[in-house]
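Below are the chains, spelled out letter by letter.
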Amino acid sequence: MKLDAKIPSGPIKDKWDKHRFEMKLINPANKRKFKIIVVGTGLAGSAAAASFSELGYNVEVFTYNDSSRRAHSIAAQGGINAAKNYRNDGDSIWRLFYDTVKGGDFRAREANVYRLAQVSNNIIDQCVAQGVPFAREYGGLLDNRSFGGAQVSRTFYARGQTGQQLLLGAYQALMKEAQNGVKIHTRKEMMDIVLIDGVCRGIVTRDLVTGKIESFAADAVCLATGGYGNVFFLSTNAIACNVTAAYRAYKKGAGFANPCFTQIHPTCIPVSGDHQSKLTLMSESLRNDGRIWVPKKHGDKRPPNQIPEEDRDYYLERKYPSFGNLSPRDISSRAAKEQCDDGRGVSATGYGVYLDFEDAIKRLGKAKIEERYGNLFEMYERITGEDPYTTPMMIYPASHYTMGGVWVDYNLMSTIPGLHVLGEANFSDHGANRLGASALMQGLADGYFVIPYTIGDYLAKNPLEKVTTEHPEFKKAVEEANSKVTKLLSIKGKRTPTSFHKELGKVMWEKVGMARNEKGLREALEIIPKIREEFWQNINVPGEATTLNMALERALRVADFLEFAEVMAWDALEREESCGAHFREEYQYEDGEAKRNDEKFTHVAVWEYQGVGKKPIRHQEELTFEDVSLAVRSYK
């Protein structure tokens, strides 16, 4: 496996502009001769598909949802980062670049991160032009608030529904292009990619309503299929979110980078019982005005409003005075776990901390808090039955975003020629930890401002013979997909797909979750194959393949999680350091902070598939830091 990141030469501030100038172009009339497939209709997918069509390419888009606007990007709440410096508080492209590299604990490519910061301002202009209703100040300028890991206000927002509003903007752009020839396939899930002579030339899909398995050919394929956080079963992701598209690409030869870099979000409604199938995120934006605390005394079960100020421990403000409640997600999550493990957690289970708005309401008034967070407060009250205006919220960390993903070069192309990967599905921009409000930024940057340039360069430099789905490789891929469905339906065991997913999730959370150690990771690598073996002997998938069958959908996705979980555990075991969201208990300073090993692990770990149950091969892309000096990451 060759890992050529294709990072342009020259000063970091000039790399992207230089690269765009040097890339080959395609004549506008000739663009109509090319077809591009886009899988996924979140921010990255919809933005890319709309942009491709506007440029003149033929585009086909696939989503397993019943509408392209129901992608999981809609669930993002708090905001999107950009270096506009409207607050005149010292922000700049360079500061956004530096904060993002530091926030990722120096495990991301400098060139990619700088480009992300560079195009961030264009994203805001694009979205305003689309009519995204960002919050505005009294004078009419767009308003900003702060997010974790930054000491400036650079986060643009639309109350607590920023992802929804941004996705509607991208969706409208896509729907406009549907009038111009973009073909949108709803309720179709990607089952595999198709390679011809080592080049990605199409995909295989299953229609989730009719069960029909078919294939589609193209000149290039873009995966924008999100992250794999649901490997933990309970997560903030929608239940349907899965690893299948990315994992099938990995099985066909695409390198998978840093799979152990999984983010645990600190601001989630705590688990209430075994009946739950997912968890609900409370936006990080709440930490702008909410203060996080636990009782100072062990076992203090008084109602929070009866605990006086002197008996409260505002532990983030105490431990990280420079950033306080806006400390990065990985640090805030571990700090919450630390308090609960010490016996000072709240909620019925003892796994929770308070997020309190009493001071903010006194300072700003209830009306202002309602204006900023009203829909989030309403959502919390509907779920818990408690009014956060009068009683502190209870929160606890939960699986959220995945920084790992399919390896891509500077042009967003994987190790498989023709297969490009965008947004959360790739590994490229966040390193070992993602700062809040940067996911929406990366998705739109990839879709609107990066892939429209780089895919043209790929198509111009790599003339391909036209192929159709009559090619033997397409027929072979369809047969393999049908065979897997037939096998699952034929087992007739006693357990549901959900029961296996829940069992796997418990192992992953306990052994490969917020804190990891060698013993637990080795145990996980022994347990996961046993769960997988029983799955293929004792799964029960009722119904038929030719109708709507949600049990079959779940079983196909869980089958991939049961294989992919092993790759995650191998990656976590072999990265013998703590960095960002990857916290190995053996590698920490005396004060409990993460201890990196820059001498051995300043690289991207890229895994190459070797077969089910076989340890994959680990490759390395070395990371060089020419513009930011490696330093111990401190938010104190």
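Residues numbered from 1 in each chain as written. Predicted model: local features only at pLDDT ≥ 70, side-chain atom pairs only at ≥ 80, totals over all residues. Heavy atoms only, no water.

A. Looking closely at the overall build of the protein. When its secondary structure is counted, the protein shows 17 helices and 19 strands. Overall, the C-alpha framework of the protein stretches about 75 × 60 × 50 Å when taken along its three principal axes. Residue burial in the protein is summarised as follows: out of 636 residues, 61% are buried. Sequence-distant contacts, at least 24 apart, represent 74% of the contacts inside the protein between residues at least 6 apart. In the form shown here, the protein has an accessible surface area of approximately 24,100 Å², with 49% of it arising from carbon and sulfur atoms. Mean positive and mean negative side-chain charge positions of the protein (84 and 82 charges, respectively) differ by 3 Å. (Helix = DSSP H or I, 4+ residues; strand = E, 2+ residues; numbered from the N terminus. Buried < 20%, exposed > 50% of the residue type's maximum accessible area, 1.4 Å probe, protein only. Contact = heavy atoms within 4.5 Å. Areas by Shrake-Rupley, 256 points an atom, 1.4 Å probe, with all protein chains shown as cover. Lys, Arg positive; Asp, Glu negative; His and termini not counted. Charge placed at Lys NZ, Arg CZ, Asp CG, Glu CD.)

B. The state of the cysteines, seen in detail. Applying the stated criterion across every chain, the model contains zero disulfides. Here Cys127 is not disulfide-linked; the sulfur of Cys222 is the nearest cysteine sulfur, at 19 Å. By relative accessible area, Cys127 is classed as buried at 1%. You can see Cys241 has no disulfide; the closest cysteine sulfur is in Cys268, sitting 14 Å from it. (Disulfide = S-S within 2.5 Å.)

C. Quick peek at helix α6 (residues 162-178). Here α6 is 17 residues long and its end C-alpha atoms lie 24 Å apart, about the 24 Å a rise of 1.5 Å per residue gives. For α6, every residue scored as buried is listed here: Thr162, Gly163, Gln165, Leu166, Leu167, Gly169, Ala170, Tyr171, Ala173, Leu174 and Glu177. (Expected span 1.5 Å × (residues − 1).)

D. Local environment of the pattern of salt bridges. For the coordinates displayed, the defined rule picks out 62 salt bridges. Where Asp560 meets Arg248, a salt bridge forms, and the shortest distance between an N and an O atom there is 2.9 Å. Within this pair, whereas Asp560 is found in helix α16 (residues 550-574), its partner Arg248 is found in helix α7 (residues 244-251), the two being separated by 312 residues in sequence. Note on accessibility: Asp560 and Arg248 belong to one class, buried. (Salt bridge = Lys/Arg side-chain N within 4 Å of Asp/Glu carboxyl O.)

E. Here's a closer look at unusual backbone geometry. Not every positive phi belongs to a glycine, and Arg187 is a case in point at roughly 55°. For Arg187, the location among the structural elements is in the loop between β5 (183-185) and β6 (188-196). Here Arg187 falls in the partly exposed class, since its relative accessible area comes to 22%. Even without being a glycine, Asn258 presents a positive backbone phi close to 45°.

F. Quick look at the packing of helix α14 (residues 497-512) against α16. The interhelical angle for the contact between α14 and α16, taken along N-to-C directions, is 20°, at an axis separation of 9 Å. Between α14 and α16, the interaxial angle falls into the category roughly parallel. The handedness of the crossing between α14 and α16 is left-handed. Contact residues: Pro497, Thr498, Phe500, His501, Leu504, Met508 and Val512 in α14; Ala551, Arg554, Ala555, Val558, Phe561, Leu562, Ala565, Met568, Ala569 and Ala572 in α16. (Axes fitted to C-alpha atoms, helices over the stretch in contact; angles between N-to-C directions. Parallel < 35°, antiparallel > 145°, perpendicular 65-115°, else oblique. Left-handed = near helix turned anticlockwise from the far one by under 90°.)

G. Just a nonpolar patch on the surface, in detail. Where nonpolar side chains cluster on the molecular surface, the patch consists of Val209, Leu548 and Met550 and spans about 310 Å² of accessible area. Of note, Val209 is situated in the loop between β7 (199-207) and β8 (213-217). Taking the relative accessible area as the measure of exposure, Val209 reaches 45% and is therefore partly exposed. (Patch = residues over 30% accessible without salt bridge, like charges linked within 9 Å, V, L, I, M, F, W, Y side chains within 5 Å.)

H. View of the sheet that holds strand β19 (residues 617-622). If you walk across this open sheet you meet the four strands as β16-β10-β18-β19, and the pairing is antiparallel. Each edge of the open sheet is held by one strand with a lone partner, namely β16 (405-406) and β19. Bridge count for strand β10 (residues 256-257) against β16 is two bridges, and the pairing is antiparallel. Counted as the bridge partner of Ala257 is Gly405 from β16. Seen against the sheet, α16 touches β10, β18 (603-608) and β19 and runs at an angle of roughly 145° to β18. (Pairing = 2+ DSSP bridges.)

I. Spatial organisation of the nonpolar core. Ranked by internal contacts, the top residues of the largest apolar core, which has 152 residues, are Phe52, Ile80 and Leu419. Per element, the largest residue contribution to this core is 15 residues, and it comes from α16. What Leu419 contacts, discounting residues up to four positions off in sequence, is Ile193, Cys200, Val221, Leu223, Ala249, Ala254, Leu412, Met413 and Ser414. Judged by nonpolar contacts, the second largest core, of 36 residues, contains Ile269, Met282, Tyr314 and Leu376. (Core = buried A, V, L, I, M, F, W, Y, C linked by side-chain atoms within 4.5 Å.)

Scope: geometric values only; no functional claims are made or implied.
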